[in-house]
Amino acid sequence: MATTNSVPFHEMDGWIWYDGKLVPWQDAKLHVLTHALHYASCVFEGERVYGGQIFKLREHTNRLIYSADLLGFEIPWTADEIDAACKETAKANKIDDGYVRPVAWRGSEQMGVSAPGTKIHLAIAVWTWPSYFSPEARTKGISMVTSKWRRPAPDTAPVHAKCSGLYMICTLSKHEAEAKGYDDALMLDWKGRVAEATGANIFMMFGDNKVVTPPTDCFLNGITRQTVMELAKKRGYEVVERHVEVAELKNVKEIFVTGTAAEITPVGKIDDMTFTPGAITKALIEDYDRLVGRVPAKASAAE
Ligand SMILES: Cc1ncc(COP(=O)(O)O)c(C=O)c1O
């Protein structure tokens, strides 16, 4: 079974779905002159398996295909085939609760900026990955520091693709935050407004009933973000998509981030401002846990 533990990812055991068939984990290799490695012609997904079911699988598969389209290539498998392959890989690795990583990329047939003749590959790995942030984060909240790097303007990059190239900014920001002792970085948009975290969207509570999240004009419209907006509306909260200036953060009552890996994680600190996870965050965490089928008692025991 594939587990993270302290074993390097390339030394784990299990099965990886690679261009149409399951291969032993450690044999899932590619050539050093792979176009994707040099020119970032690579898209991927991050999905979670809960109790044997991949949450919002079709939405993730559709986004993978869309991301590839934005990068100018077509994945040579249909959405049905990709869904089936994700399920097959989770099953082969006997993972009922874990993380699914489909990845598609341009191969090594051509080297250079222009490489329309490269073969398009698809691989899928699944592993156990219980908590993105520390277990205490769910109650106490994470700490964030504002990054010097910003989300790029929509006319400078394919900002709605979940593509490896755009994660260079996230890794730089996250490394910088961790080096300063923070859990994550707050990323501003190209105009200096609140945008998102390095691997999650952000929600801010103004007053007792208003849930605000920035419009996704220069970053991913997360599948978790969309789910949480629906849950918040069902709870009767007013959900508003609008730009938020950094100066407004001092008026915010609660903040949380959302993502497939992060799920709903409260934010306890941004730079020198502190926030206390409150009733809205707690209610939405409960709703999200129920939706994904997590048994609350088991989750708190595990954490
Ligand atoms: C930069 C970034 N923003 C937002 C998200 C949230 O997306 P989702 O909820 O679809 O996982 C992710 C995670 O994929 C991400 O990496």
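Residues numbered from 1 in each chain as written. Predicted model: local features only at pLDDT ≥ 70, side-chain atom pairs only at ≥ 80, totals over all residues.

(A) Layout of the overall build of the protein. For the protein, the count of helices and strands is eight helices and 16 strands. For a compact globule of 303 residues, the expected C-alpha radius of gyration is about 19 Å, and the protein comes in at 19 Å, within 12% of that figure. Along the longest, intermediate and shortest principal axes, the C-alpha atoms of the protein span 55 × 45 × 35 Å. Each of the 303 residues in the protein was classed as buried or not, and the buried ones make up 41%. Sequence-distant contacts, at least 24 apart, represent 70% of the contacts inside the protein between residues at least 6 apart. (Helix = DSSP H or I, 4+ residues; strand = E, 2+ residues; numbered from the N terminus. Rg over C-alpha atoms; globule rule 2.2 N^0.38 Å. Buried ≥ 20, exposed ≤ 12 C-beta atoms within 10 Å, placed from the backbone. Contact = placed C-beta atoms within 7 Å.)

(B) Representation of the domain arrangement of the protein within the structure. Domain parsing of the protein yields domain 1 (9-127) and domain 2 (137-298). Inter-centroid distance (C-alpha atoms) of domain 1 to domain 2 is 26 Å. Opposite the 20 residues of domain 1 that make contact, domain 2 presents 13 residues. Sorting elements by how many residues they give to the side of domain 1 that touches domain 2 places helix α2 (residues 57-70) first, with five residues. Each residue belonging to the side of domain 1 that touches domain 2 can be placed in one class, and the counts come to nine nonpolar, five polar and six charged. (Domains from an automatic or database assignment. Nonpolar A, V, L, I, M, F, W, Y, C, P; charged D, E, K, R; others polar.)

(C) Just the pairing of strand β9 (residues 184-188), in detail. With five of five residues buried, β9 lies mostly within the body of the structure. Residues Asp184, Leu186 and Leu188 point to one face of β9 and Ala185 and Met187 to the other, with burial holding for every one of them. As paired elements, strand β8 (residues 142-150) and β9 share four bridges and run parallel to each other. Bridge pairing links Thr146 to Leu186 in β9. As paired strands, β9 and strand β10 (residues 194-196) are joined by two bridges and run antiparallel to one another. Residue pairing across strands places Leu188 opposite Val194, the latter belonging to β10. Once β9 ends, the chain turns through five residues before running back antiparallel as β10, passing Gly192 with a positive phi of about 85°. (Pairing = 2+ DSSP bridges.)

(D) Representation of the site of the ligand in the model. Around the ligand, a shell composed of 15 residues is seen, among which Gly222, Ile223, Thr224, Gly259 and Thr260 lie nearest. Listing elements by their share of the shell around the ligand, those giving two or more residues are α6 (223-234) and β14 (254-259). If one sorts the elements of the shell around the ligand by residue count, α6 sits on top with three residues. Taken together, the residues that form the shell around the ligand break down as five nonpolar, eight polar and two charged. (Near = placed C-beta within 6 Å.)

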